[in-house]
Amino acid sequence: MKAYSSLIFIALVIFSGCSNKEYYTPEVVKGDWEKSSFLEETIVRTTADGAVLENGQILTKEGLQEYYLPEGYGYIGQSDGWIIASKVNGELLLQRIDDKSRQIRLELKKTIAGATVKGDKIAVLFATNEMALYRLSTKELVFKESGNAPVAVDTRIVNPYFLNELVLYLTLDGKVVIINSDTKQVLRSMLVSSEDNFNNIIYFNVIDNVMVAATGYRLFSLSEKERREKYEMRDIIFSNDGIWINTKEGEVIALTPSLQLKAKRKYPFAHFLGMILTDDKLYLLEKQGYIIELSKDLTESNVYELNIDDGFVYVGNKAFYINDVVYPVE
């Protein structure tokens, strides 16, 4: 009887927790978000660099691409004129964007997390967190560096980044590892964060000699010196005008490139699904069916309502994509 009573108590606690869950409810809704259109197919997979439709067509930040993934391949990204795709068994396929008959295949035997091409080189990050550099013309391995294998990762894995002769690997355990592709030497390894799980780099960019990287837990900036700030982030945008993030606590925060706070605004209980920065506005997609339009200094805000179904969400440069629905912001 005592065990039965305990089970009832546990069930009541769980039920109470679920029933008391609160959702974002705006005080004022300006109107419906009236701009929308449809894709011919629905999204079935998303990555940091793009989304794949049911028919295999690729969707990127710029919009729909005239490219269809071969059956059995997953989309990795585009770089230096190549589409990069891979199979789970480590078969890597490169296909020229301007001439799809030109292909290169590498049998790498291990699951690939990310890859980037520059000239005759391809930098590969494996799902084991191993880093490698290959020469495309000969398919030979010219550099390899081990990393700590992750237990669990965010799906927004960032592909390696070429910066002149440098290759920057954005690892699955929260580091930025810099190698010289000519000398094949590790020059530097910078720690962004050190959480046990879901600690891979989910964002990376370099603008005007300022490097910004982030995991879901830490924001990192490097210019004259390294800076780190702790945020539980959903999305990050870095532009010439600064950095904008939104958090799991429903905050929207504007920062300088050196991570100094410029402005902050909170939307209680908001669950953000994506964020877009335009020339003069910031747009946020909220899970309960809203688009929040903000001025870049976060002082002015309008909220619009729209219908959202559960499913895949992809964020482009100028539109939110939800399953097969497109919500442009311009």
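Asker: Is there a simple way to explain the overall build of the protein in this structure?
Answerer: Looking only at helices and strands, the protein has one helix and 33 strands in total. Based on the C-alpha atoms only, the size of the protein along its principal axes is roughly 60 × 50 × 50 Å. Relative to its 330 residues, the protein shows a buried fraction of 48%. Look at the contacts in the protein between residues 6 or more apart in sequence, and 40% of them connect residues 24 or more apart. When the accessible surface of the protein is totalled, it reaches about 16800 Å², and 47% of it is carbon and sulfur. Averaging the positions of the 37 positive and the 46 negative side-chain charges in the protein gives two centres separated by 6 Å.

Asker: Looking at this structure, how should I read the pairing of strand β29 (residues 290-295)?
Answerer: Along a regular strand, successive side chains alternate from one face of the sheet to the other. Most of β29 sits inside the fold, with six of its six residues counted as buried. Burial along β29 is two-sided: Y290, I292 and L294 and I291, E293 and S295, pointing in opposite directions, are all buried. In this structure, strand β28 (residues 281-286) lies alongside β29, joined through six bridges in antiparallel fashion. Across the sheet, residue K281 finds its bridge partner in β29, namely S295. Between β28 and β29, which follow one another and run antiparallel, lie three residues, and G289 among them has a positive phi close to 110 degrees. The pairing of β29 with strand β30 (residues 301-305) spans five bridges and is classified as antiparallel. In the sheet register, E293 faces β30, and the bridge partner there is N302.

Asker: Any chance you could explain the sheet that holds strand β15 (residues 161-163) here in plain terms?
Answerer: In a beta sheet, neighbouring strands are held together by backbone hydrogen bonds and run either parallel or antiparallel to one another. With respect to topology, four strands assemble into an open sheet ordered β15-β16-β17-β18, the strand pairing being antiparallel. Both edges of this open sheet fall to β15 and β18 (185-191), since each of them pairs with a single strand only. Looking at each pair of strands side by side, their axes are set apart by 20 degrees on average, direction ignored. Here three bridges tie β15 to strand β16 (residues 166-170), and the two strands are oriented antiparallel to one another. Directly across from L163, in β16, lies its bridge partner L166.

Asker: How should the packing of aromatic side chains be read in this particular structure?
Answerer: To describe a pair of aromatic rings, one takes the distance between the centres and the angle between the planes. Going through the model one piece at a time under the given rule, you end up with seven aromatic pairs. Taken together, a centroid distance of 6.4 Å and an interplanar angle of 85 degrees make the contact between Y267 and F272 edge-to-face. Taken as a pair, Y267 and F272 share a single burial class, namely buried. Among the aromatic residues, ring-to-ring pairing joins Y24, Y267, F272 and Y290 into one connected group.

Asker: Explanation requested: the sheet that holds strand β3 (residues 43-46) in the structure shown.
Answerer: An order of β3-β4-β5-β6 is seen for the four strands of this open sheet, with the pairing classed as antiparallel. If you trace the sheet from one side to the other, it starts and ends with β3 and β6 (63-68), each paired once. Neighbouring strand axes in the sheet, compared pairwise and without regard to direction, differ in orientation by 30 degrees on average. Where β3 meets strand β4 (residues 51-53), three bridges bridge the pair, whose relative direction is antiparallel. Note on β4: the bridge partner recorded for R45 is V52.

Asker: Would you mind going over the pattern of salt bridges with me for this structure?
Answerer: A side chain of one charge can pair with a side chain of the opposite charge if their charged atoms are brought near each other. Evaluation of the coordinates by the stated rule reveals 14 salt bridges. Between D182 and K121 there is a salt bridge whose closest N-O contact spans 3.4 Å. In this pair, D182 sits in the loop between β17 (175-180) and β18 while K121 sits in strand β12 (residues 121-126), placing the two residues 61 residues apart along the sequence.

Asker: Whenever I open this one, the environment of T47 confuses me. Can you help?
Answerer: Tracing the backbone through its elements, the reader meets T47 in the loop between β3 and β4. Residues T47 and I76 lie 29 residues apart in sequence; the distance between their C-alpha atoms is 7.7 Å. Among residues more than four places away in sequence, those in contact with T47 are Y75 and Y314. At 3.2 Å, the side chain of T47 forms a polar contact with the backbone nitrogen of D49.

Asker: When you look at unusual backbone geometry in this model, what are you seeing that I'm missing?
Answerer: Most peptide bonds take the trans configuration, and most residues that are not glycine carry a negative phi. Unlike most non-glycine residues, F198 shows phi in positive territory, near 50 degrees. The class of F198 is partly exposed, set by a relative accessible area of 43%. Its identity as a non-glycine residue notwithstanding, N323 has a phi of 55 degrees, on the positive side.

Asker: Quick question: what am I supposed to make of the pairing of strand β11 (residues 112-118) here?
Answerer: Among the seven residues in β11, six count as buried, and that is most of the element. Hairpin connection from β11 to β12: two residues lie between these consecutive antiparallel strands, with G119 at a positive phi of about 60 degrees.

Asker: Explain the nonpolar core to me, please; I cannot follow it from the model alone.
Answerer: Residues V252, Y267, L282, L284, I292, L294 and L298 are the most contacted members of the largest nonpolar core, which totals 18 residues. Listing elements by their share of this core, those giving two or more residues are β25 (251-255), β27 (272-277), β28 and β29. W82, I84, L92 and A115 belong to the second-largest nonpolar core, a separate cluster that totals 17 residues.

Cut-offs and rules
Residues numbered from 1 in each chain as written. Predicted model: local features only at pLDDT ≥ 70, side-chain atom pairs only at ≥ 80, totals over all residues. Heavy atoms only, no water. Helix = DSSP H or I, 4+ residues; strand = E, 2+ residues; numbered from the N terminus. Buried < 20%, exposed > 50% of the residue type's maximum accessible area, 1.4 Å probe, protein only. Contact = heavy atoms within 4.5 Å. Areas by Shrake-Rupley, 256 points an atom, 1.4 Å probe, with all protein chains shown as cover. Lys, Arg positive; Asp, Glu negative; His and termini not counted. Charge placed at Lys NZ, Arg CZ, Asp CG, Glu CD. Pairing = 2+ DSSP bridges. Axes fitted to C-alpha atoms, helices over the stretch in contact; angles between N-to-C directions. Phe/Tyr/Trp six-rings, centres within 6.5 Å; stacked < 30°, edge-to-face > 60°. Salt bridge = Lys/Arg side-chain N within 4 Å of Asp/Glu carboxyl O. Polar contact = N/O pair within 3.5 Å; in protein donor to acceptor, adjacent residues only side chain to side chain. Core = buried A, V, L, I, M, F, W, Y, C linked by side-chain atoms within 4.5 Å.

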